[in-house]
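Listed below are the residues making up each chain.
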Amino acid sequence: MIKHLLIVAFFFFTSSLYAQSKLSVENVYAAYLQNSGTIMENNQIKGYFFLYQSDKIDRRTNEYTLQIVDENLNKVKDIKFQDSKKLSLLEAAYNGNSISFLFKNEDNKTLDMKVYGIDGKLKYTYSREYTKKTDDLMKRYETMHTDEGTNQNVFDLGEQGYASVLPLRDGRTRTYEVDYYSSNSKKYWTYVPSDDDERYANAEFLGSTDSLIILEVMKRNRMMSGKITAHLVGIDITSKKKIFDLDGEDDTYTLVPSNVIPVKGSGRILVMGSYFDKNDNVAKDFSKGLAIYEIDGKGNVLSKTYNSWGKDFAKYLPTGNKGKLDKVGFLFIHKLIRTHDGKIFAVGEGYKRQVSAGGIALTALSAAAGSYGSTSTTKIVTTDMVVMEFNDKYKVTDATIYDKTNNTADLLLSDFHSQHAIALLLKATGGFDYEFTTGDADNNTFSICYGDWVRSSNYKGQTFNTLRYNGTKFTKDKIELKSKASRMQVLPAKAGSIMILEYFKKDKRLESRLEKIG
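The sections below set out a description of the structure shown in this document. (Residues numbered from 1 in each chain as written. Predicted model: local features only at pLDDT ≥ 70, side-chain atom pairs only at ≥ 80, totals over all residues. Heavy atoms only, no water.)

**Looking at the overall build of the chain**
Secondary structure assignment for the chain yields three helices and 36 strands. Considering only intrachain contacts with a sequence separation of at least 6, the fraction spanning at least 24 residues in the chain is 53%. Put simply, the chain shows about 23900 Å² of open surface, and 47% of that area lies on carbon and sulfur atoms. (Helix = DSSP H or I, 4+ residues; strand = E, 2+ residues; numbered from the N terminus. Contact = heavy atoms within 4.5 Å. Areas by Shrake-Rupley, 256 points an atom, 1.4 Å probe, with all protein chains shown as cover.)

Printed below as a string of structure tokens:
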């Protein structure tokens, strides 16, 4: 029983055993904490899972173990299987009735999606070759498969199964592909846009309903064009047909969608995003504010509500007409939360470009030596958390800035990215400090959780912070994350607790423990 190579993450189970609150796994020779994740049933934690290499069968084959534990970290079940030693897990997801793993199999040159039931039994395996068309995807995994990144390409669709949204390159064409994997039957399909105006397009998964996969698609009419158009695209899960493609051509403003949430029991979908003047370049120009649209399942727009930076938000935030908050910068919206009384809370985090003293010094030294390289003279920092409240008519009624440290994000070519591209890159690489949001089923109460780095005379190190909403107001809690671990990640846990996952590289040990907060 040789070398436990931890490849992933965590799942929940419905057992309820006596609390042990701590779990240790020895002989872990590598750990990607990025693939750790809690999954919730009605916003409640039910347990965790992890997959690791548990034995070496021969020079080409390894044994792997899928271990399921409950919400108290008690072991529930181990499921073992054998596969190539060149098998590497890229991503994992859970949808309420199954868990899925996306593997890269270098022996077969395939991407393999394996779907397991909550009993740990393998239900379905879906395979597809990776070719030159998916080179961009492979490069993305090589550069972004870190402890800090988030799932980039695999997303749960609730009881319907899973979807992946992949970049696709074919000759000069740069477009995208959507793959659907059912978790209820052996059903799989691939959608590749066929319209000429989508030869140069990039897609981001925004969310789903019982029948739709919803994407933000940014298109350009030629490869090097600086003019980009933003689209909200809905694809039917059953028929794989494009149901709608909203570009706002006839609207007063241009919407760049960034978040969607279905309104339970209504058939309606809320869409939030930045809005721009019609002639603006959405990749470069400043937005005018945030808009909330209501649409139905066919893409018909039922209502439009605009909240401008210069007028509406200025009542609550130090902002101007250019969409930047004083000392905060631009806002990226991580989460929309709809409460039982129709209120909407938007969880945002600031980011901005700052002059990099180190970058300027290196540029000056290079110039003095007669070399003119590509060293960036600026850096991107994430700033404060911002929580905005909207009434049932989708007009902003309050907004609060919660201070945190300006933390530097490691981004290449920070001098050249648009504000929208920078936000997406920060999200992809785990550059933001926002972690997750937990709450009850109706969001009557919820907690917004984020990390921070404190540099004070009393404490220097990582902290974990919660903004708790009790139905009427927010309170803030903080704990210090003192650890000698090589890597650490915080995950949701049962009410009043968090789960801390630590990897000790020197000792080749992975530990998980529950810790109370508040």
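**A word on the environment of Asp277**
With respect to the helices and strands, the residue Asp277 is situated in strand E22 (residues 268–277). Owing to a relative accessible area of 33%, Asp277 belongs among the partly exposed residues under this scheme. Here the alpha-carbon distance between Asp277 and Thr254, two residues 23 residues apart in the chain, equals 6.2 Å. Beyond its immediate stretch of four places on either side in the chain, Asp277 contacts Tyr253, Thr254 and Lys288. (Buried < 20%, exposed > 50% of the residue type's maximum accessible area, 1.4 Å probe, protein only.)

**Things to note about the nonpolar core**
In terms of nonpolar packing, the biggest core is built from 22 residues, with Met272, Phe313, Met388 and Phe390 touching the most fellow members. Of all the secondary-structure elements, those providing two or more residues to this core are strand E21 (253–263), E22, strand E23 (289–296), strand E25 (330–338), strand E26 (344–355), strand E27 (378–390) and strand E28 (396–402). Once you skip the residues sitting within four places of it in the chain, Met272 turns out to touch Pro257, Ser258, Asn259, Leu290, Ala291, Ile292, Ile333, Leu336, Ala346 and Phe390. The next biggest cluster of nonpolar side chains, apart from the first, holds 18 residues, and it includes Leu157, Ala163, Val165 and Val217. (Core = buried A, V, L, I, M, F, W, Y, C linked by side-chain atoms within 4.5 Å.)

**Structural notes on the sheet that holds E23**
Pairing within the open sheet is antiparallel, and its four strands lie in the order E21-E22-E23-E24. Both edges of this open sheet fall to E21 and strand E24 (301–308), since each of them pairs with a single strand only. Between one strand and the next, the sheet's axes are offset by a mean angle of 20 degrees, whatever the strand orientation. Bridge count between E22 and E23: eight bridges; the pairing is antiparallel. Opposite Met272, over in E23, you have Ile292 as the bridge partner. (Pairing = 2+ DSSP bridges. Axes fitted to C-alpha atoms, helices over the stretch in contact; angles between N-to-C directions.)

**Section: the pairing of E28**
With six bridges connecting them, E27 and E28 associate as antiparallel partners. Looking across to E28, one finds that Val387 is bridged to Thr400. Here E27 folds back onto E28, and the loop between the two strands holds five residues, one of which, Tyr394, carries a positive phi near 70 degrees.

**Considerations on the sheet that holds strand E34 (residues 487–492)**
What the four strands build is an open sheet, ordered E2-E36-E35-E34; its pairing is antiparallel. One side of each edge strand has no neighbouring strand; the edge strands of this open sheet are strand E2 (22–25) and E34. Between one strand axis and the next, the sheet turns through 15 degrees on average, direction left out of account. In this sheet, strand E36 (residues 509–516) lies alongside strand E35 (residues 497–504) in antiparallel orientation, the contact comprising eight bridges. Note on E36: the bridge partner recorded for Glu502 is Glu511.

**Regarding the pairing of strand E32 (residues 460–469)**
Burial runs high along E32: eight of the 10 residues are buried. As paired strands, strand E31 (residues 446–455) and E32 are joined by 10 bridges and run antiparallel to one another. The residue bridging Trp453 from the neighbouring strand is Gln462, located in E32. What sits between the antiparallel neighbours E31 and E32 is a turn of four residues. Pairing of E32 with strand E33 (residues 474–480) involves seven bridges; the strand directions are antiparallel.

**Regarding the side chain of Glu294**
If you trace the backbone, Glu294 turns up in strand E23. A distance of 2.7 Å separates the side chain of Glu294 from the side chain of Tyr394, its partner in a polar contact. With near-sequence residues (within four places) excluded, Glu294 lies in contact with Arg268, Ile269, Leu270, Asn300, Val301, Leu302, Ser303 and Tyr394. (Polar contact = N/O pair within 3.5 Å; in protein donor to acceptor, adjacent residues only side chain to side chain.)

**Some words on the pattern of salt bridges**
For the coordinates displayed, the defined rule picks out 18 salt bridges. Here Arg128 ties to Glu177 by a salt bridge, and the two come within 2.2 Å at their closest N and O atoms. Within this pair, whereas Arg128 is found in strand E12 (residues 122–129), its partner Glu177 is found in strand E15 (residues 173–182), the two being separated by 49 residues in sequence. Judged by its relative accessible area of 6%, Glu177 falls in the buried class. Of the charged contacts in the structure, one is a salt bridge between Lys343 and Glu389, with a shortest N-O distance of 3.4 Å. Highlighted residues: Lys343 in the loop between E25 and E26 and Glu389 in strand E27, separated in sequence by 46 residues. Classification of Lys343 by relative accessible area gives partly exposed; the value is 26%. (Salt bridge = Lys/Arg side-chain N within 4 Å of Asp/Glu carboxyl O.)

**Considering the environment of Gly461**
With respect to the element layout, Gly461 can be found in strand E32. Measuring from C-alpha to C-alpha, the distance between Gly461 and Ser483 comes to 9.3 Å, with 22 residues separating the pair along the chain. In this structure, Gly461 is in contact with Asp452, Trp453 and Val454, ignoring residues within four places of it in sequence.

Geometric descriptors of this kind do not, in isolation, establish any biological role.
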